[in-house]
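One-letter residues, chain by chain:
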Amino acid sequence: MAFLADRLAAVKPSPTVAITARAGALKREGRDIIALSAGEPDFDTPAHIGAAGKAAIDAGKTRYTAPDGIVELKEAIARKFARENGLTYGLDQIIVGTGGKQVLFNALLATLNADDEVLIPAPYWVSYPDIVEMCGARPVVLPCPAEQGFKLSPAALEAAITPATKWLIFNSPSNPTGAGYSADELRAITDVLLRHPHVWILSDDMYEHIAYPGFTFVTPAQVEPQLHGRTLTLNGVSKAYAMTGWRIGYAGAPKVLIDAMRMVQGQSTTNPSSISQWAAVAALDGPQDYIAESRAAFLRRRDLVVAALNAIDGLSCPTPEGAFYVYPSIAGLIGRRTPSGVEIASDADFVRELLEATGVAVVHGAAFGLSPHFRVSYAAADEVLADACARIARFCKGLT
Ligand SMILES: Cc1ncc(COP(=O)(O)O)c(C=O)c1O
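Residues numbered from 1 in each chain as written. Predicted model: local features only at pLDDT ≥ 70, side-chain atom pairs only at ≥ 80, totals over all residues. Heavy atoms only, no water.

A. Inspection of the sheet that holds strand β12 (residues 374-377) at higher detail. Strand order in the open sheet formed by three strands is β9-β12-β11, with antiparallel pairing between adjacent strands. The open sheet is flanked by β9 (325-326) and β11 (363-364), the only strands paired with a single partner. Of the pairings in the sheet, the one linking β11 to β12 comprises two bridges and is antiparallel in character. Each bridged residue has a counterpart across the sheet, and for V363 the counterpart in β12 is R375. (Pairing = 2+ DSSP bridges. Helix = DSSP H or I, 4+ residues; strand = E, 2+ residues; numbered from the N terminus.)

Printed below as a string of structure tokens:
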């Protein structure tokens, strides 16, 4: 009898964590490392949010809470959905979790059976297929190449839906490409979904606020209110307010789903941290200046990185509409060799050799389901990004 569960057989350790760990090991050896592999803002949590967390400790708000979150936070989330997304959710249609990741996990664990299929446009956030696998269901990956702006076409969606399809996971702006769907593009997707009433939509809106000029964020239940009754609208404070370590995510969804997710959560973490929940109330209800300030910094960095990478022979870097990632193609470098003779046959070879030769850590496209690309997280200081791009340029120039 095997000790480890069969359900782990198809699950891979997070490649982003693995590369960040390798970069950390090289750093400890004294190497000069630039890690552009992790997906988190490099800013500090705004002071008023941290102060709300401290005040919660001082006020003794340090006990278990209701599994689905404190009423004050759920009310703040309902206000946020109404104010920013035009969505109406009652308090019994909202749940708070330990990060968006736990909310996603709860939703899938609460709904997936063995033969269910989950449609996942690729490139995708690394966790989607693995969580589906852990739930014993089947991820169905839908390739969305750069020529399509990394976006799902309505025809590809229509062709992929079967009687076994339970969910479409939708993520705009996207990790890892930064691609964002306009209202018209999203409507073409929701029009398909309207014709298939058994398919639910899990909209991961985590990067909502990192949206650049020319792109307006929209979410499926807003674009097509008829889908409200089968949409889970997922969001969180990690990326919007530089709160990755506080671990607070949330969702709005029909009560039948929220009730099931509350049951799953009640038997796992019980509730998200009480202290973090009070900090999240301050984030959602307090001053929103951080959002515009960080967006301006990310926009400047996006333009810096896109220009620098497109100036490199062999790379081609689309300009993203949002988030803090770029996803350049290395198609022009496949088959070339490093000065020591190693062939770059894949994006995995590229990122490994780049890290060893230059100290720049990025993540290979295969990890996100679309090769040959790599993901750069540009949530780093401008001068660090300029240095990283110069090192990438030197590395690419050295390939023959
Ligand atoms: C697309 C996407 N969704 C969800 C998450 C989860 O964020 P958290 O669990 O910190 O709320 C992340 C984090 O990297 C992400 O990139």
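B. Just helix α4 (residues 100-111), in detail. Taking 1.5 Å per residue, 12 residues should reach 16 Å; α4 reaches 17 Å between its end C-alpha atoms and fits that length. G100, Q102, V103, L104, N106, A107, L108 and T111 are the residues of α4 that are buried. (Expected span 1.5 Å × (residues − 1). Buried < 20%, exposed > 50% of the residue type's maximum accessible area, 1.4 Å probe, protein only.)

C. A look at the site of the ligand. Near the ligand there are 13 residues, and of these G100, D204, Y207, S238 and K239 occur at the shortest range. One of the side-chain N or O atoms of D204 is found 2.5 Å from a nitrogen atom in the ligand. Note that an oxygen atom of the ligand is positioned 2.7 Å from one of the side-chain N or O atoms of Y207. Within the complex, the protein chains bury 93% of what would otherwise be the 390 Å² of accessible surface of the ligand. Residues of the shell around the ligand, tallied by class, amount to four nonpolar, five polar and four charged. (Near = heavy atom within 4 Å. Polar contact = N/O pair within 3.5 Å; in protein donor to acceptor, adjacent residues only side chain to side chain. Areas by Shrake-Rupley, 256 points an atom, 1.4 Å probe, with all protein chains shown as cover. Nonpolar A, V, L, I, M, F, W, Y, C, P; charged D, E, K, R; others polar.)

Read these as geometric descriptors, not functional statements.
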